[in-house]
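Results of the structural survey
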Amino acid sequence: MAVRISDMFSLTRYGRRRKALLQPFPDAWRTLLASSLVHWGLLDDDERTRLEDLVRVFLVDKKWQAARDFDLTEDIRVLISAMACLLILGLDDGYYDTVRWIEVHPTTVVRTGLRGTGVPGVVSDSPLPILGEASFDGPVIIAWDAAVANARHPERGHNVVYHEFAHKLDMGDRLVDGTPRFEDADTRQRWIEVCTVEFESLRRGEAGPLLDPYGAVNPAEFFAVVTEIFFDRPLDLQHAKPDLYGVLQSFYRQDPAARERARG
Ligand SMILES: [Zn+2]
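Here we summarise the structure given alongside this text. (Residues numbered from 1 in each chain as written. Predicted model: local features only at pLDDT ≥ 70, side-chain atom pairs only at ≥ 80, totals over all residues. Heavy atoms only, no water.)

Once that is clear, we can look at the overall build of the chain. In terms of regular secondary structure, the chain is built from eleven helices and eight strands. Taken over the C-alpha trace, the chain has a radius of gyration of 19 Å; the compact-globule value for 264 residues is 18 Å, and the two agree within 12%. Taken over the C-alpha atoms alone, the chain extends approximately 55 × 50 × 45 Å along its principal axes. For the chain, with 264 residues in total, the buried portion stands at 47%. Considering only contacts in the chain between residues 6 or more positions apart, those separated by 24 or more positions represent 65%. For the chain, the exposed surface amounts to about 13200 Å²; the carbon and sulfur share of it is 54%. (Helix = DSSP H or I, 4+ residues; strand = E, 2+ residues; numbered from the N terminus. Rg over C-alpha atoms; globule rule 2.2 N^0.38 Å. Buried < 20%, exposed > 50% of the residue type's maximum accessible area, 1.4 Å probe, protein only. Contact = heavy atoms within 4.5 Å. Areas by Shrake-Rupley, 256 points an atom, 1.4 Å probe, with all protein chains shown as cover.)

Right under this line is the structure:
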């Protein structure tokens, strides 16, 4: 029987992933992550082993591109991969199938030209500085100086890698609507109910100081912003908004607050 082109692609990809997993996770990467990513120190042994597997596959599975004249080192790729893969620690590997390549810039990128603003029907042509960007078919763009600072300072509640990769998870069902792909309808329904209440509260300016008002732009930005807080300040989120924490926990299948209580 003839092998279809798509099968050949899958076999190549499978082989690449398998080969990556046969290589041991270098000690130098562990040292790097232990010193650069605060969340790494909160994981237990099983979680770290799972994250190491995800990182090795992610590194070879995705294309990496540097902005002009930027030295995109292995350390940079490893740290970005670890933060991206932390989000899918409890999910199936396939959640990042839509991520094709990552483009890394040394610092803020300034967008020019006419573009959408995230608010339906509103466009703008003023220069827009961005730390990251995610789209359906384009690269995930990351500003390295922001990413490395975010990894070391979760207490600030911002992480450009969590933010942009949350957008990619949102796009997993081909809709950018703040609701990612769920396995069962009840969990999805609970997600929609809780997130709608919290999103409306943020839009009215009544959500309190924890959530960045940028999350009020639209439901997709809301999901990205609350993902940052879920991983960066889980105890604060669980205390201030237990329902929101609960639905995020049900999607990510992780409990970062318990992790902080145990080892923080
Ligand atoms: Zn965003």
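In this structure, the largest pocket occupies an estimated 900 Å³ of space. Gly132, His163, Glu164, Tyr214 and Glu221 are, among the 30 residues lining the largest pocket, the residues nearest its centre. If you list the elements that add at least two residues to the lining of the largest pocket, you get β4 (115-116), β6 (128-130), β7 (132-133), α5 (144-152), α6 (160-170) and α8 (219-232). Tallied by class, the residues present in the lining of the largest pocket amount to 13 nonpolar, ten polar and seven charged. (1 Å grid on protein atoms, 1.4 Å probe; cavity = no way out; pocket = protein on both sides within 12 Å on 5 of 7 lines; lining within 4 Å. Points joined across faces, edges and corners; volume = space filled by probe spheres on them. Nonpolar A, V, L, I, M, F, W, Y, C, P; charged D, E, K, R; others polar.)

Turning next to the sheet that holds β7. Across the sheet, which stays open at both edges, the four strands sit in the order β1-β2-β8-β7 with mixed pairing between neighbours. Looking along the sheet, the strands with just one partner apiece sit at the ends: β1 (63-66) and β7. Two elements, β7 and strand β8 (residues 140-143), share two bridges in a ladder whose sense is antiparallel. Residue pairing for β8: Gly132 is matched across the bridge by Ile142. The strands touched by α5 within the sheet are β2 (101-105) and β8, with β8 carrying the most contacts at an inclination of about 75°. (Pairing = 2+ DSSP bridges. Axes fitted to C-alpha atoms, helices over the stretch in contact; angles between N-to-C directions.)

This next bit is on the pairing of β2. For β2, the buried fraction is high: four of the five residues fall into the buried class. As defined by bridge partners, β1 adjoins β2 across four bridges and the pair is classed as parallel. Along β2, the bridge assignment pairs Gln65 with Glu103. The handedness of the β1 to β2 crossover, carried by helix α4 (residues 74-86), is left-handed. Across four bridges, the pairing between β2 and β8 is parallel. Directly across from Glu103, in β8, lies its bridge partner Ile141. (Right-handed = clockwise from strand over helix to strand, strands pointing away.)

We now examine the packing of aromatic side chains. All told, the structure shown has 20 aromatic pairs when counted by the stated rule. Relative to Trp64, the ring of Phe58 has its centre 6.2 Å away and its plane inclined at 75°; by these criteria the two rings are edge-to-face. With 5.9 Å between their ring centres and 65° between their planes, Phe58 and Phe165 make a pair best called edge-to-face. Of the two residues, Phe58 sits in helix α3 (residues 45-61) while Phe165 sits in helix α6, which places them 107 residues apart along the sequence. On the accessibility criterion, Phe58 (4% relative accessible area) is buried. You can call Phe165 buried: its relative accessible area is 0%. One aromatic cluster is present, built from ring pairs that chain together Tyr95, Tyr162, Phe182, Trp191, Phe223, Phe230, Phe231, Tyr245, Phe251 and Tyr252. Between Lys63 and the ring centre of Trp101, over which it is positioned, the NZ or CZ distance is 5.8 Å. For the cation-ring pair, Arg181 lies above Tyr95, with the distance from its terminal atom to the ring centre recorded as 4.2 Å. (Phe/Tyr/Trp six-rings, centres within 6.5 Å; stacked < 30°, edge-to-face > 60°. Lys NZ or Arg CZ within 6 Å of the ring centre and 35° of its normal.)

The values reported here are purely geometric and, on their own, carry no functional implication.
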